[in-house]
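A structural walkthrough
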Amino acid sequence: MSNYRYVRLGAIFYVSTLQYFLIQFLVSLRWSPPYSLSRNTISDLGNTSCARFSGRYVCSPLHSLMNLSFVLLGLTMIGGSLLVCRYLPTVRLLTVGFVSIALGGVGAMMVGLFPENTIPALHGIGASLPFLVGNIGLLLVGLSLAGPAALRVYSVASGLIALIFLVFYATSHFLGFGEGGIERVVAYPQTVWLIVFGIYVTVWKSNSDVSLVKSSTTTSPN
């Protein structure tokens, strides 16, 4: 498999994270009373019991499906990032960015393996990895990425907006969005970026169409 095929496969992994949004929607449909995007957190969808949790009633009959989705999200973030890195020359900032996104994937897996009502400490660590480390990764990728200026600006903006709102979320300043709403402003930009970046890569016609790094000495993929 050529290096270019590695990066393209990694991009397909990224695009497959679309399942994360689809599964959230399907799992939320089974809630009674109805699931609230503003009041309920994403992790509530994976909560394994029907009871009051953190001041709100949680009951997610399809919690196993949601937790599987978290694990799959993490695996595709890790696999996609590592495959993309196989294509890259040694450009430290860009490599650190994709490794940071991969670490965010480790966190997503932890969220699914340790639902919020089971081992809260491990669940919290898992959530913090994509929220903090993964979004920092977006910033680093945007700052070191070659290609269209719009993609670079979009990458930086996605990471920056998520990190700014992370401060409000962590300090319980929900700005009228509700806890679940502001959490989504922190979490969703990263997953949407994975899909956008994956589509950008998969539409390349050939190896020579684009370089991912800002370097006049970049070596061509095999």
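A brief structural summary. Owing to the predicted nature of the structure, the values given are computational and were not obtained by experimental measurement. (Residues numbered from 1 in each chain as written. Predicted model: local features only at pLDDT ≥ 70, side-chain atom pairs only at ≥ 80, totals over all residues. Heavy atoms only, no water.)

Quick notes on the state of the cysteines
Simply put, disulfide is the name for a covalent bond between the sulfur atoms of two cysteines. Cut-off, in case you're wondering: Pairs of cysteine sulfur atoms within 2.5 Å are what we label disulfides. The buried label applies to any residue whose accessible area, calculated with a 1.4 Å probe on protein chains only, is under 20% of its type's maximum; exposed applies above 50%, and partly exposed to all values in between.
Inspection of every chain in the model, using the stated rule, returns one disulfide. Between Cys50 and Cys59 runs a disulfide, and the two sulfur atoms are separated by 1.9 Å. Note on the Cys50 and Cys59 pair: the S-S dihedral is about 50°, so by sign convention the disulfide is right-handed. Residue classification places Cys50 among the partly exposed positions, given a relative accessible area of 48%.

Here we look at the side chain of Thr76
Cut-off, in case you're wondering: The way it works is that DSSP assigns letters per residue, a run of H or I at least four long becomes a helix, a run of E at least two long becomes a strand, and they are numbered from the N terminus. Any N or O atom pair separated by 3.5 Å or less is treated as a polar contact, with the protein-specific requirement of one donor-capable and one acceptor-capable atom, and with residues adjacent in sequence counted only for side-chain atom pairs.
Assignment of secondary structure puts Thr76 in helix 3 (residues 63–87). Note on Thr76: relative accessible area 15%, which makes it buried. There is a polar contact of 2.9 Å between the side chain of Thr76 and the backbone oxygen of Leu73.

Structural notes on unusual backbone geometry
With an omega dihedral of 5°, the bond running from Ser32 to Pro33 counts as a cis peptide bond. Relative to the elements of secondary structure, Pro33 occurs in the loop between helix 2 (18–28) and strand 1 (51–53). Despite not being glycine, Ser172 has its phi angle at roughly 60°, a positive value. Looking at the secondary structure, you find Ser172 in the loop between helix 6 (149–170) and helix 7 (178–202). Despite not being glycine, Leu175 has its phi angle at roughly 55°, a positive value.

Topic: the pattern of salt bridges
Cut-off, in case you're wondering: Each reported salt bridge corresponds to a side-chain nitrogen of Lys or Arg within 4 Å of a carboxyl oxygen of Asp or Glu.
Counted by the stated rule, this structure contains two salt bridges. Note that Asp44 is salt-bridged to Arg56, the shortest N-O span being 2.6 Å. Of this pair, Asp44 sits in the loop between helix 2 and strand 1 while Arg56 sits in strand 2 (residues 56–58), and the two are 12 residues apart along the sequence. In this structure Asp44 comes out as buried when scored by relative accessible area, which is 0%. Two residues, Arg56 and Glu179, come together in a salt bridge whose shortest N-O distance is 3.3 Å. With a gap of 123 residues between them, Arg56 in strand 2 and Glu179 in helix 7 connect regions that are remote in the sequence. The class of Arg56 is buried, set by a relative accessible area of 6%. In this structure, a network of salt bridges that share partners links the residues Asp44, Arg56 and Glu179.

A short note on helix 6
Using the following cut-off: A helix is expected to span 1.5 Å for every residue after the first. Note on contacts: a residue pair is in contact if any heavy atoms of the two residues lie within 4.5 Å.
The end-to-end C-alpha separation of helix 6 is 31 Å, in line with the 32 Å expected for 22 residues at 1.5 Å each. Taken together, the buried positions of helix 6 are occupied by Leu151, Ser155, Ser158, Gly159, Ala162, Leu163, Phe165, Leu166 and Tyr169. On the buried face of helix 6, the contacting elements are helix 5 (120–144) and helix 7. One or two positions beyond helix 6, positive phi appears at Ser172, with a value near 60°.

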